[in-house]
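Each chain, written out:
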Amino acid sequence: MDAIGRVFAFYERWKGEKRVIGWSVCGQPVVALHAGGGGKQLLFQYAIHAREWITSLLALEHAARGVPYGGAWFLPLTDPDGAALALRGEAFLRALPQERRDFLINSNRGSTDFSLWKANAAAVDLNVNFDAAWGTGTRNACSPAPENYIGPAPFSEPESRALRDFTLAVRPAATVSYHTKGGEIYWEFGQHGAARARDEALARALAAETGYRARIITGSAGGYKDWCIRALGIPAFTIEAGSDALAHPLNEKALPALCRENADVPRLLSEALS
């Protein structure tokens, strides 16, 4: 059973609160699992980039461990169609209508190898589709592509809308987006004063916990982290898990190290924000 099958099997077995928060372009559910209790909530989302599907399995480890204070929502597979393309390739393509299949292959430069695909099934990179300086990233693409295409408008995609709407409903105290790779933690998007000092301190604590490096990056916009900081004023982090020496796409051989390095991230944030 591949990672997608394991996520949905885990979801079916989950005894705690769980929800389908939306649906993908191709009609797959975007699911969320809750661990812990009431009070302040955290939100962790994974695999918003297709080729980074390995993070969905880290999500299952995190959900099983839970948090010591408050509660946390875990969204293991934010881009289920993209992950299916990256993992299953032609097997997934064959299940799609001919028009969608042709569109995706054309968007992938004529190739049926989707192992490095990052986008959803509309060839939109979901992590540049949020309304936070949308379209201003230095690497943005303006037409369908395997990566970096911003879409026709902010929140044009059902997956990014589902994540937006769920986040607004939960009103989390902080969010974490798991990506691969690089061993880095991004935390900044123009916040100032006390908010900046708060977020930098949390980023440094996360860096100490994981062994990754807290960094400020430039030229990036339209991401989920960016939108959480700008729209909600909360701490939000993108964690690029795994060594940069590894090659995309990371496979399950990388999972033990990812779990070891990131096992206590939900605990740390739960304690820090309790």
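Residues numbered from 1 in each chain as written. Predicted model: local features only at pLDDT ≥ 70, side-chain atom pairs only at ≥ 80, totals over all residues. Heavy atoms only, no water.

1. Comments concerning the overall build of the chain
Helix and strand content of the chain: 10 helices and eight strands. The globule rule puts the C-alpha radius of gyration for 274 residues at 19 Å, and the 17 Å found for the chain is close to it. The buried share of the chain, reckoned over its 274 residues, is 57%. When contacts within the chain are restricted to residue pairs at least 6 apart in sequence, those whose partners lie at least 24 apart make up 76%. Treating the 29 positive side-chain charges of the chain as one cloud and the 29 negative ones as another, the clouds have centres 2 Å apart. (Helix = DSSP H or I, 4+ residues; strand = E, 2+ residues; numbered from the N terminus. Rg over C-alpha atoms; globule rule 2.2 N^0.38 Å. Buried < 20%, exposed > 50% of the residue type's maximum accessible area, 1.4 Å probe, protein only. Contact = heavy atoms within 4.5 Å. Lys, Arg positive; Asp, Glu negative; His and termini not counted. Charge placed at Lys NZ, Arg CZ, Asp CG, Glu CD.)

2. Section: the sheet that holds strand 1 (residues 18–23)
The strand order across the open sheet formed by eight strands is 1-2-4-3-5-8-6-7, and the pairing between neighbours is mixed. The open sheet is flanked by strand 1 and strand 7 (213–215), the only strands paired with a single partner. The mean inter-strand angle of the sheet, taken between neighbouring strand axes irrespective of direction, is 20°. Two strands pair when backbone bridges link them, and strand 1 and strand 2 (residues 29–36) are joined in this way by five bridges, in the antiparallel orientation. Within strand 2, the residue paired with Trp23 across the bridge is Pro29. The strands that helix 1 (residues 3–13) touches are strand 1 and strand 2; relative to strand 2, the one it contacts most, it runs at about 50°. Helix 2 (residues 54–65) rests against strand 2, strand 3 (41–46), strand 4 (71–75) and strand 5 (174–180) of the sheet, and its axis sits at about 140° to strand 5. (Pairing = 2+ DSSP bridges. Axes fitted to C-alpha atoms, helices over the stretch in contact; angles between N-to-C directions.)

3. A closer look at helix 6 (residues 158–170)
In this model, helix 6 (13 residues) spans 18 Å end to end at C-alpha, consistent with the 18 Å of a helix rising 1.5 Å per residue. Buried residues along helix 6 sit against strand 1, strand 2, strand 3, strand 4, helix 3 (80–88) and helix 8 (224–232). One or two residues past the end of helix 6 sits Arg171, with phi positive at roughly 50°. (Expected span 1.5 Å × (residues − 1).)

4. Comments concerning the nonpolar core
Among soluble globular proteins, nonpolar side chains are generally buried collectively. Residues Phe44, Trp117, Tyr178, Phe237 and Leu269 are the most contacted members of the largest nonpolar core, which totals 60 residues. In this structure, Trp117 is in contact with Ala50, Arg51, Gly82, Leu85, Leu104, Ser107, Asn108, Ala123, Ala145 and Pro146, ignoring residues within four places of it in sequence. (Core = buried A, V, L, I, M, F, W, Y, C linked by side-chain atoms within 4.5 Å.)

5. What to know about the packing of aromatic side chains
The final tally for this structure, using the stated rule, is 10 aromatic pairs. Relative to Phe74, the ring of Phe44 has its centre 5.2 Å away and its plane inclined at 15°; by these criteria the two rings are stacked. Taken as a pair, Phe44 in strand 3 and Phe74 in strand 4 lie far apart in primary sequence, 30 residues in all. On the accessibility criterion, Phe74 (0% relative accessible area) is buried. Ring-pair connections join several aromatic residues into one group, and the members of that group are Phe130, Phe155, Tyr224 and Trp227. Over the ring of Tyr11 we find Lys18, and its NZ or CZ is 5.0 Å from the ring centre. Sitting above the plane of the Phe155 ring, Arg164 keeps its charged end 4.6 Å from the centroid. (Phe/Tyr/Trp six-rings, centres within 6.5 Å; stacked < 30°, edge-to-face > 60°. Lys NZ or Arg CZ within 6 Å of the ring centre and 35° of its normal.)

6. Description of helix 9 (residues 255–262)
Along helix 9, the residues that are buried comprise Leu255, Leu258, Cys259 and Asn262. The arc enclosing the buried residues of helix 9, seen along the axis, measures out at 95°, which places them on a common side. Opposite its buried face, helix 9 presents the exposed residues Pro256 and Arg260, each directed more than 90 degrees away. Buried residues in helix 9 make contact with helix 2, strand 5, helix 7 (193–210), strand 8 (236–241) and helix 10 (265–272). (Arc of directions from axis to C-beta.)

7. As for the side chain of His62
By secondary structure assignment, the location of His62 is in helix 2. Filtering out sequence-adjacent residues up to four positions away, His62 remains in contact with Tyr46, Phe74, Tyr178, Asn262, Ala263 and Pro266.

8. Quick notes on the environment of Arg6
Inspection of the secondary structure assignment puts Arg6 in helix 1. Once you skip the residues sitting within four places of it in the chain, Arg6 turns out to touch Met1, Leu57, Leu60 and Glu252.

9. Some remarks on the pattern of salt bridges
For side chains of opposite charge, pairing can occur when their charged atoms come near one another. Counted under the stated rule, the structure contains 16 salt bridges. The residue Asp244 makes a salt bridge to Lys181 at a minimum N-O spacing of 2.9 Å. With Asp244 in the loop between strand 8 and helix 9 and Lys181 in the loop between strand 5 and strand 6 (184–186), the pair connects residues that are 63 residues apart, well separated along the chain. Here Arg215 makes a salt bridge to Glu184, at a shortest N to O gap of 3.2 Å. (Salt bridge = Lys/Arg side-chain N within 4 Å of Asp/Glu carboxyl O.)

10. Observations regarding the environment of Leu268
Locating Leu268 in the fold gives a position in helix 10. The residues contacting Leu268, other than those within four sequence positions of it, are Ala205, Leu206 and Glu209.

Scope: geometric values only; no functional claims are made or implied.
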